[in-house]
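# A look at the structure
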Amino acid sequence: MPLSEQEQRLLDEMERHLLHNDADVVSAPSGDRALSYRNLVYGALLVFAGVGGLVAGVIVGDAWGIVIGVVGFAAMLAGVMLAVTPVRRSTPAAAPSEKPTAKRQDSASFMDRMNDRWDRRHEGN
């Protein structure tokens, strides 16, 4: 059953509103902090070492096993914290002889460009 004109207009308005709000959420500035791949790798290695320490602590089983297990757990916790802690982004200074190109002037994010294409496509209908 097709939608009435009023229902179709309401649906179109809701769609535009949703796309506008999603674009705002997706393109929200994240500040000057980002995840570092180096920290992710080191964190993952520390987590794996911590798991190994935890397993070794269970295998040993006596008082030293408890100490090894606690140290392994602490290593896992430190690895996760290292992996998810953002680092400050460095902003490289542009060379003075560089001319801004049209590509550089359009600093819109991928989602912004996709939303613009979507809007242009539906305005043509």
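Small disclaimer: the values here were computed from a predicted structure and weren't measured.

## Comments concerning the overall build of the protein
From N to C terminus, the protein includes five helices and two strands. Written out in order from the N terminus, the α and β elements of the protein read α-β-α-α-β-α-α. Taken over 125 residues, the protein has a buried fraction of 12%. When the accessible surface of the protein is summed, it comes to about 10500 Å², and 65% of that surface belongs to carbon and sulfur atoms.

## Comments concerning the environment of Pro 86
Within the secondary structure, Pro 86 sits in the loop between helix 3 (63-84) and strand 2 (87-88). Since its relative accessible area comes to 36%, Pro 86 is described here as partly exposed.

## Describing the confidence of the model for the protein
Mean pLDDT over the protein: 78, with 74% of residues reaching 70 or higher. Per-element confidence in the protein is highest for helix 2 (residues 37-60), whose mean pLDDT is 93, and lowest for helix 4 (residues 102-105), whose mean pLDDT is 47.

## Some remarks on the packing of helix 2 against helix 3
Axes are the key here: two packed helices are described by the angle between their axes and the distance separating the axes. Contact geometry for helix 2 and helix 3: axes closest at 7 Å, N-to-C directions at 165°. Considering the angle they form, helix 2 stands roughly antiparallel to helix 3. For the pair helix 2 and helix 3, the sense of crossing is left-handed.

## Remarks on helix 2
Between its terminal C-alpha atoms helix 2 stretches 34 Å, which fits the 34 Å expected from 24 residues at 1.5 Å a residue. Buried within helix 2 we find Asn 39, Gly 43, Gly 50, Gly 53 and Gly 57. Buried residues along helix 2 sit against helix 3 and strand 2. The first or second residue beyond helix 2 is Gly 61, which carries a positive phi of 80°.

## With respect to a nonpolar patch on the surface
A cluster of nonpolar side chains, namely Val 41, Tyr 42, Leu 45, Leu 46, Phe 48 and Leu 82, defines an oily patch on the protein surface of about 580 Å² accessible area. It is helix 2 that provides the largest number of residues to the nonpolar patch, a total of five residues. Assignment of secondary structure puts Leu 82 in helix 3.

## Observations concerning the environment of Gly 50
Checked against the element boundaries, Gly 50 lands in helix 2. In the structure, Gly 50 is positioned 24 residues away from Ala 74 in sequence and 7.2 Å away in space, judged by C-alpha atoms. In this structure, Gly 50 is in contact with Gly 72, Phe 73, Ala 75 and Met 76, ignoring residues within four places of it in sequence.

## Digging into the side chain of Asn 39
Counting through the fold element by element, Asn 39 comes out in helix 2. For Asn 39, a relative accessible area of 12% translates into the label buried. Other than its neighbours up to four places away in sequence, Asn 39 contacts Leu 82, Ala 83, Thr 85 and Val 87.

The rules behind these values
- Residues numbered from 1 in each chain as written.
- Predicted model: local features only at pLDDT ≥ 70, side-chain atom pairs only at ≥ 80, totals over all residues.
- Heavy atoms only, no water.
- Helix = DSSP H or I, 4+ residues; strand = E, 2+ residues; numbered from the N terminus.
- Buried < 20%, exposed > 50% of the residue type's maximum accessible area, 1.4 Å probe, protein only.
- Areas by Shrake-Rupley, 256 points an atom, 1.4 Å probe, with all protein chains shown as cover.
- pLDDT = per-residue confidence, 0-100.
- Axes fitted to C-alpha atoms, helices over the stretch in contact; angles between N-to-C directions.
- Parallel < 35°, antiparallel > 145°, perpendicular 65-115°, else oblique.
- Left-handed = near helix turned anticlockwise from the far one by under 90°.
- Expected span 1.5 Å × (residues − 1).
- Contact = heavy atoms within 4.5 Å.
- Patch = residues over 30% accessible without salt bridge, like charges linked within 9 Å, V, L, I, M, F, W, Y side chains within 5 Å.
- Salt bridge = Lys/Arg side-chain N within 4 Å of Asp/Glu carboxyl O.

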